[in-house]
Amino acid sequence: LCVGETLAERESGLTESIVTRQLQAGLAGLDKQRMNRVALAYEPVWAIGSGRAATPEQAVSVHRVLRKLIHDQWNPEVAETLPILYGGSVTPQNIGRFVSCGEIDGALVGGACLDPASFATLANIALTTRTSLG
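Residues numbered from 1 in each chain as written. Predicted model: local features only at pLDDT ≥ 70, side-chain atom pairs only at ≥ 80, totals over all residues. Heavy atoms only, no water.

## Regarding the sheet that holds strand β3 (residues 84-87)
Going by this rule: Strand pairing is defined by DSSP finding a minimum of two bridges between the two strands. In DSSP terms, a helix is any run of H or I states spanning at least four residues, a strand is any run of E spanning at least two, and both are numbered starting from the N terminus. Contact criterion: two residues are considered in contact whenever any of their non-hydrogen atoms come within 4.5 Å of each other. Between N-to-C directions, angles cover 0 to 180 degrees, with each direction set by a line fitted to C-alpha atoms, over the stretch in contact for helices.
In space, the 4 strands of this open sheet follow the order β1-β2-β3-β4, with parallel pairing throughout. If you trace the sheet from one side to the other, it starts and ends with β1 (2-3) and β4 (106-108), each paired once. Against the sheet, helix α4 (residues 56-73) engages β1, β2 (40-42) and β3, with an angle of about 145° to β3.

## Quick word on the packing of aromatic side chains
Operational definition: Only Phe, Tyr and Trp rings are paired, with Trp represented by its six-membered ring, and only when their centres lie within 6.5 Å; those with planes under 30 degrees apart are stacked, over 60 edge-to-face, the remainder tilted. For every residue, the accessible area (1.4 Å probe, protein chains only) is compared with the maximum for its type, and the residue is labelled buried under 20%, exposed over 50%, or partly exposed between those bounds.
In the structure shown here, the tally under the stated rule is 2 aromatic pairs. Taken together, a centroid distance of 6.0 Å and an interplanar angle of 55° make the contact between Tyr 42 and Tyr 86 tilted. Highlighted residues: Tyr 42 in strand β2 and Tyr 86 in strand β3, separated in sequence by 44 residues. Here the two residues Tyr 42 and Tyr 86 agree in accessibility, since each one is buried. Judged by centre distance (4.3 Å) and plane angle (15°), the rings of Tyr 86 and Phe 98 are stacked. Note that Tyr 86 is positioned in strand β3 and Phe 98 in helix α6 (residues 95-99), a separation of 12 residues in sequence. Summarising the burial analysis for this pair, Tyr 86 and Phe 98 share the class buried.

## Observations regarding the layout of surface pockets
Going by this rule: Cavities and pockets are defined on a 1 Å grid built over the protein atoms alone: a cavity is a set of grid points where a 1.4 Å probe fits but cannot escape, while a pocket is an open set with protein on both sides within 12 Å along at least five of seven lines, and lining residues are those with an atom within 4 Å of any such point. Grid points are joined across faces, edges and corners, and a volume is the space filled by probe spheres set on the points. Under this grouping Gly is polar, as are all residues other than the nonpolar Ala, Val, Leu, Ile, Met, Phe, Trp, Tyr, Cys and Pro and the charged Asp, Glu, Lys and Arg.
Taken as a whole, the largest pocket spans an internal volume of roughly 170 Å³. Lining the largest pocket are 13 residues, with Gly 49, Ser 89, Val 90, Gly 110 and Gly 111 positioned closest to its centre. Here the residues of the lining of the largest pocket sort into 5 nonpolar, 7 polar and 1 charged.

## Considering the pattern of salt bridges
Defined as follows: Counted as salt bridges are all cases of a side-chain nitrogen of Lys or Arg within 4 Å of a carboxyl oxygen of Asp or Glu.
Overall, the coordinates contain 5 salt bridges when judged by the stated rule. The salt bridge partner of Glu 103 is Arg 64, with a shortest N-O separation of 2.7 Å. Of the two residues, Glu 103 is situated in the loop between α6 and β4 and Arg 64 in helix α4; the sequence distance between them amounts to 39 residues. Accessibility expressed as a relative area gives 25% for Glu 103, which makes it partly exposed. A salt bridge links Arg 67 to Asp 105, with the shortest nitrogen-to-oxygen separation between them at 2.7 Å. Placement of Arg 67 in helix α4 and of Asp 105 in the loop between α6 and β4 is noted, with a sequence separation of 38 residues between them.

All quantities given are derived from atomic positions and should not be read as evidence of function.
In C-alpha cells form, the structure reads like this:
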C-alpha cells in the first residue's frame, strides 16, 4: 500500500492527516494475519518522477506516524515487523541517506530501476548501508 500527499497538502501542513486517512482506508478490515502480508510505502505524490525527493527527516517523520498508527489501531507486534519503505525520486545519490535511517526499511524504486547499471548501483549502496548498520 502506498500513501502520500500532494505538494499543496504538504505545504498546508496536512501530511499527517492525509497519510493517516489513506492508511486507515487502505487497511480497513484487515486482521493481524492479513496485516502480516502487507508492505507499506510512503511515496509523496509531489516527489514521484519529479527528481525532488523528500528529505530523510521528512520521510522519517511520516514513517513514525504510520508505524504508530499501525501499533495503536491494529497490533503492536505487526507494527514492529511491517516493512515501511520510502518511494519518490529514489536515486543512487540519495538511497544511502534513506536506508541509513532506522525507521526506513527500504525503498520503493521507480524510474531509477529503468537503467540496470543505475539500479545495480542503487541496490548495492542500499545493501552496503543496511549491512553496515547491523
